[in-house]
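# Analysis of the macromolecular model
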Amino acid sequence: MRLKLITLLLGGAGALAACGPAPTPQQQAARQHEIACLSGTIGGALIGGVIGNQFGGGSGKTILTAAGAAAGGLSGERYAC
């Protein structure tokens, strides 16, 4: 019973949210820019982490993976934004 009530409330809230005003072209462009920045940052961090993981051994490997992820994230953010 409780699960049905929660499902009904969440479904109703989702339906009402869909009835909101359409975003303006400026809002759409800003949202696309945010997504591009986030994608570039995450992608760069993943690629940098993979590259950093190829070097070192033991705790050095962990440090290089983290450093590669940080450098990749910064580079991806710079490129995408």
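So, here's what we can say about the structure.

What counts, and at which threshold
Residues numbered from 1 in each chain as written. Predicted model: local features only at pLDDT ≥ 70, side-chain atom pairs only at ≥ 80, totals over all residues. Heavy atoms only, no water. Helix = DSSP H or I, 4+ residues; strand = E, 2+ residues; numbered from the N terminus. Buried < 20%, exposed > 50% of the residue type's maximum accessible area, 1.4 Å probe, protein only. Contact = heavy atoms within 4.5 Å. Areas by Shrake-Rupley, 256 points an atom, 1.4 Å probe, with all protein chains shown as cover. Disulfide = S-S within 2.5 Å. Salt bridge = Lys/Arg side-chain N within 4 Å of Asp/Glu carboxyl O. Axes fitted to C-alpha atoms, helices over the stretch in contact; angles between N-to-C directions. Parallel < 35°, antiparallel > 145°, perpendicular 65-115°, else oblique. Left-handed = near helix turned anticlockwise from the far one by under 90°. Nonpolar A, V, L, I, M, F, W, Y, C, P; charged D, E, K, R; others polar. Expected span 1.5 Å × (residues − 1). Arc of directions from axis to C-beta.

Another aspect to go through is the overall build of the protein chain. From N to C terminus, the protein chain includes three helices and zero strands. Traced from its N-terminal end to its C-terminal end, the protein chain shows the element sequence α-α-α. Burial status across the protein chain gives 12% buried among its 81 residues. Taking all contacts inside the protein chain whose residues are at least 6 apart in sequence as the whole, residues at least 24 apart take part in 57%. When the accessible surface of the protein chain is split by element, carbon and sulfur atoms take 71% of a total near 6,400 Å².

Quick look at the state of the cysteines now. The full count for this structure, using the stated rule, is one disulfide. Here Cys 37 is linked by a disulfide to Cys 81, with a sulfur-sulfur distance of 2.0 Å. Of the two residues, Cys 37 is situated in helix 2 (residues 25-52) and Cys 81 in the segment after helix 3 (59-80); the sequence distance between them amounts to 44 residues. Judged by relative accessible area, Cys 37 falls into the buried class, the value being 13%. On the basis of relative accessible area, Cys 81 is assigned to the partly exposed category, the value being 44%.

Two side chains carrying opposite charge are able to pair once their charged atoms lie near each other. Under the definition given, this model contains one salt bridge. For the salt bridge of Arg 31 with Glu 34, the shortest nitrogen-to-oxygen distance reads 3.4 Å. Here Arg 31 pairs with Glu 34, and both are found in helix 2, just three residues apart, close to one helical turn. Given the relative accessible area of 44%, Glu 34 is considered partly exposed.

Where helix 2 meets helix 3, the closest approach of the two axes is 6 Å, and the angle between their N-to-C directions is 150°. On the basis of their axis angle, the class for helix 2 and helix 3 is roughly antiparallel. As helix 2 packs across helix 3, the resulting crossing turns out to be right-handed. Side by side, helix 2 and helix 3 meet where Ala 36, Cys 37, Gly 40, Thr 41, Gly 44, Ala 45, Gly 48, Gly 49 and Gly 52 of the first sit next to Lys 61, Leu 64, Thr 65, Gly 68, Ala 69, Gly 72, Gly 73, Gly 76, Glu 77 and Ala 80 of the second. Its residues assigned to classes, the contact of helix 2 with helix 3 comprises six nonpolar, 11 polar and two charged.

With that settled, the discussion passes to helix 3. Spanning 22 residues, helix 3 covers 31 Å between terminal C-alpha atoms, matching the ideal 32 Å at 1.5 Å per step. Turning to helix 3, its buried residues number three or more, namely Gly 68, Gly 72, Gly 73 and Gly 76. The buried residues of helix 3 all sit within an arc of 135° when viewed along its axis, so they share a single face. Counted as exposed and oriented over 90 degrees from the buried face of helix 3: Ser 59, Ile 63, Leu 74 and Arg 78.

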